[in-house]
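Descriptive structure summary
So you can see what is in the structure, the chains are spelled out below.
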Amino acid sequence: MPRYYLGVDGGGTNCRVRLADENLVTLAEVKNGRSNLQIDAGDPAYKAISDGTRDVFKAAGVDYAQTANTYACFGMAGGRMDTARAEFAARPWPFAGVKVYDDIDIAHAGALGGGEGGVVIIGTGSAAMSIVGGTRYQAGGWGFHIGDQMSGAILGRELARYTVEAKDGLVEGSPLTKAVASALGGDNQGIMTWSFATELDLRLESSDGSEDNALVGRAPGEYGKLMPLWFDYLEQNDPVALKLLDVQMGYIDTYVRWFKSHGAEVMAIVGGLGQRLFPRLTERYGDFVALPQFEPLHGAVILAKQNFASN
């Protein structure tokens, strides 16, 4: 009887599904809708994976009935909460077995080929995880408002804030702050309007129709869009870009110390911002840092086999 492994990389924007044989050879891969567990109680994620499963079996030329011989692993955005993962795993899946992880777990498995060590995601958001001596450690990943210290969203927000301070004459500006001001509205009133997304005419209401006690503002990804501009000026040794590089490296230093404190011997770097910083990271940390061996989606397939190979 054939055995299959199905991996899911469930992101907030899209969901990728890969079907592999018992040797982890990819048979097909498809992309479907958004799949953050915190959106609408996970319903869009359930639909994206269900539809993606049908699509990937069709693309592989495998009868959908073979889901009964398929073991699945999902790495999900919004999967930081234990309860969200457990509730999602309990849905009526057609598979022989299902394991639901936070998205950093599949990034870890892919980056280290299923082995031990640490991984950091440094992209629009950020998080860290390691496995050392069979023990799992996790830090960060708590979101834009209270965490994500290493992320492009936080660094972009700091760049916007520094630009406003420079416009007020509180700190020394630079060509970078002038470029940011131009991009976000030209002056501090324009930047403030941008930050609250005023032109989008958005409004929050609670379930009873009253105004919610939360602010409408730009999403983390909107701040992350400032990173290409930051890199452009960093390459020109712009003084503000260099100052923010020191801030970013200080955040990463904190995580390096955390990894080493529990014995991790390597820190793999996942995420666009982190990989673009990789040459600077190797200068600072030497062979303690590494590029990932595989992408997170393959990490999901690896974890599916690790969890269910003995079944």
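Higher on the page you've got the structure.
The following paragraphs examine the structure supplied in this document. None of these values were measured; they are calculated from a predicted model.

1. A few points about the overall build of the protein chain
When helices and strands are tallied, the protein chain shows 12 helices and 10 strands. Here the C-alpha atoms of the protein chain give a radius of gyration of 21 Å, agreeing with the 19 Å that 2.2 N^0.38 yields for 311 residues. Taken across its 311 residues, the protein chain has 48% of its residues classed as buried. Entry remark: accessible area of the protein chain is about 14900 Å², with carbon and sulfur atoms responsible for 49%.

2. Things to note about unusual backbone geometry
A positive phi angle is found at Asp 40, which is not glycine, with a value near 50°. Counting through the fold element by element, Asp 40 comes out in the loop between strand E3 (26-32) and helix H1 (43-60). Of note, the phi angle at Ala 41 is positive, near 60°, even though the residue is not glycine.

3. A short note on the sheet that holds strand E1 (residues 4-10)
As summarised here, the arrangement of the five strands in space is E3-E2-E1-E4-E5, forming an open sheet in which the pairing is mixed. Each edge of the sheet is formed by a strand with only one pairing partner; in this case those strands are E3 and strand E5 (97-102). Ignoring which end each strand starts from, the neighbouring axes of this sheet average 15° apart. Alignment of strand E4 (residues 70-76) against E5, held across six bridges, turns out to be parallel. By the bridge assignment for E5, Phe 74 is matched with Val 100. Set on the sheet, helix H2 (residues 82-89) makes contact with E4 and E5; between it and E5 the angle comes to about 155°.

4. Quick notes on the sheet that holds strand E8 (residues 135-140)
Spatially, E8-E7-E6-E9-E10 is the arrangement adopted by the five strands of the open sheet, whose pairing is mixed. At either margin of the open sheet sits one strand with a lone partner, and together these are E8 and strand E10 (289-290). Note that strand E9 (residues 267-270) and E10 share two bridges and pair parallel. Bridging across to E10, Ala 268 finds its partner in Ala 290. Running at roughly 120° to strand E6 (residues 117-122), helix H3 (residues 103-111) makes contact with E6, strand E7 (126-132), E8 and E9 of the sheet. Across the sheet, helix H9 (residues 239-261) is in contact with E6, E7, E8 and E9; its angle to E7 comes to roughly 20°.

5. What to know about the pattern of salt bridges
Under the counting rule described, the total for this entry stands at 15 salt bridges. The salt bridge partner of Arg 85 is Asp 82, with a shortest N-O separation of 2.7 Å. Linking Arg 85 with Asp 82, this pair stays in helix H2, spanning three residues, or about one helical turn. Under the relative-accessibility criterion, Asp 82 is labelled exposed at 54%.

Thresholds applied
Once a new chain begins, its residue numbering starts again from 1 and follows that chain's sequence as written. Only residues with pLDDT of at least 70 get local features here, since the model is predicted, and only at 80 or more are side-chain atom pairs given and counted; chain-wide, interface and lining totals rely on the full set of residues. In computing side-chain values, all of the structure's heavy atoms are included and hydrogens and water are not. Strands are runs of DSSP state E lasting at least 2 residues, helices are runs of H or I lasting at least 4, and numbering of each runs from the N terminus. Computation of the radius of gyration draws on C-alpha atoms, with the globule rule given as 2.2 Å multiplied by the number of residues to the power 0.38. Relative accessibility decides the category of a residue: with a 1.4 Å probe and only protein chains considered, values under 20% of the type maximum give buried, values over 50% give exposed, and everything between is partly exposed. Here the open area of atoms and residues is found with the Shrake-Rupley method and a 1.4 Å probe, where only the protein chains shown may cover a residue. When DSSP finds two or more bridges between a pair of strands, those strands are recorded as paired. Here the axes come from fitting lines to C-alpha atoms, over the contacting stretch only for helices, and the angles between their N-to-C directions go from 0 to 180 degrees. Should any heavy atoms of two residues lie within 4.5 Å, those residues are considered in contact. By convention in these notes, a salt bridge is any Lys or Arg side-chain nitrogen within 4 Å of a carboxyl oxygen on Asp or Glu.

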